[in-house]
Amino acid sequence: MKREKKNLIFLIAGIVLVSLLGVVFYQSALPTVQSFYTDQTSLVMDIHSEDNLKFHADPERCKYGKVEYISSDPDVLSVIPDETDKLTCKLVSFDLEGTAQIQIRQVQKNGVSATVFVKVEDKSLIAELKEDAERVDQLIGQLDLNQLSYSDKSSVEECRTAYNALSDRALQYVTLESNLVRAENEIKKIEASYQKQAEAVADQVDAVGEVTLEKAQLIEQCRMAYDALNDEAKQFVTNLAVLEEAEEELDFCRSADELDQLILSIGEVTLEKEEAVMRVYSAYSRLPESAKKKVQRYGILTAAVGVINTLKADKAEAERQAEEARKLAELEEQRSTEENTGYGIVYWTPKGKSYHSRESCPTLSRSKTILSGSVSEAKNSGHGDPCNICAGGS
């Protein structure tokens, strides 16, 4: 029994030895590795993730001995060799985006090696950046590059503002930047054209200078040139206010000239022309101060008004004197009649010496007792002096 057990052990040992010798013989018969390679020379990993990397040897069945893995940036990506397959390793990323070169090489002098470039990025962040970039692309995409007009300037500026608000990383995902640049160049081209048109009109306006009636046609031509511009080009005319002031001054000149012609038509001033003179003066008064300064015959107008006033005063004085003479004549006639006939009512006070033809005479206003009767009665009572105010006395 013991002999049989011993023989079995020797048999097993022999088999193991033969197997080992076979392995050694097989290994020694394998060719030496020529190179390592992978199915992809670069790959992208998400941050906080892991991935397996498989290398291959060429030729497929060869001896390559001991190998090692090296990461060019362990802070970005670390390498963990597989315990069962020396040509496989695990890649582990951390909290840092970046790029690392992962190398496999033989641990021996002049050993072969292979390198894989691995990019580690935050894919959730990149998704957000792409969304931001896509929104900008959508804005730019709304621009009709074939029918762009100056009215689209605000839309183009909105696109540029949105584009500039993106981070540098987000900008790389914008696909329509060239469209935005093209739109901006087109707007600049349109703007330059409008500026050129507006400058031509502005030069015409500047050439007007001092406004006179002789420059009416030039001012009207300026207005026609301005009105011929479209609304967008008009925005570039920098001296529109100067044109409007010139038009206003021209209106003043015309009003002043019309008034000068009216003044000239007055001719010789008589009272019969009072209404015409005052009508012209009223028209002058309604003029703005700027227009009044342009009336050349204002002195003639004021002189005419002065003559009218003088004539009216002379007429009024003549009429007053005539009326006064008429009244005196009537009084004188009345007094003569009364003296001759003794009729007619007169008034006097007990202590006065005069008689009055009217009870309302101012000299009687303070008297409490007023007597009345005929002239002869007044004289008989000692009041024979006629009042020099109401009774024609002297």
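Quick summary incoming for the structure in this document.

### So, the sheet that holds strand E7 (residues 88-93)
Here comes step 1: Spatial strand order, E3-E7-E6: three strands in an open sheet with antiparallel pairing. With partners counted over all chains shown, the strands left at the sheet margins are strand E3 (50-54) and strand E6 (77-81), one partner each. The sheet shows a mean angle of 30° between the axes of neighbouring strands, taken without regard to direction.
Here comes step 2: By the bridge criterion, five bridges tie E3 to E7 in an arrangement that is antiparallel. Looking across to E7, one finds that leucine 53 is bridged to cysteine 89.

### Quick word on the packing of aromatic side chains
Here comes step 1: Counted according to the given criterion, the structure contains seven aromatic pairs.
Here comes step 2: Through a chain of ring-to-ring contacts, the aromatic side chains of Tyr150, Tyr194 and Phe236 assemble into a single cluster.

### Points about the pairing of E6
Here comes step 1: Examined bridge by bridge, E6 and E7 share five bridges and lie antiparallel to one another. Within E7, the residue paired with leucine 77 across the bridge is serine 93.
Here comes step 2: As consecutive antiparallel partners, E6 and E7 are separated by six residues.

Reading the values: the criteria
- Residue positions are given per chain, counting from 1 as you read along its sequence in written order.
- The predicted nature of this model means local features are confined to residues of pLDDT at least 70 and side-chain atom pairs, given and counted, to a pLDDT of 80 or more, with totals for whole chains, interfaces and linings taken over all residues.
- Excluding hydrogens and water, the side-chain figures rest on all heavy atoms present in the structure.
- Think of it this way: DSSP has to see at least two bridges between two strands before they count as a pair.
- Helix and strand assignments come from DSSP, with helices taken as H or I runs of at least 4 residues and strands as E runs of at least 2, each series counted from the N terminus.
- The axes used here are C-alpha line fits, helices contributing only the stretch in contact, and every angle between their N-to-C directions lies in the interval 0 to 180 degrees.
- Under the pairing criterion, centres of Phe, Tyr and Trp rings, with the six-membered ring standing for Trp, must be within 6.5 Å; the plane angle then separates stacked pairs below 30 degrees from edge-to-face pairs above 60, leaving the rest tilted.

These values are about where atoms sit, not about what they do.
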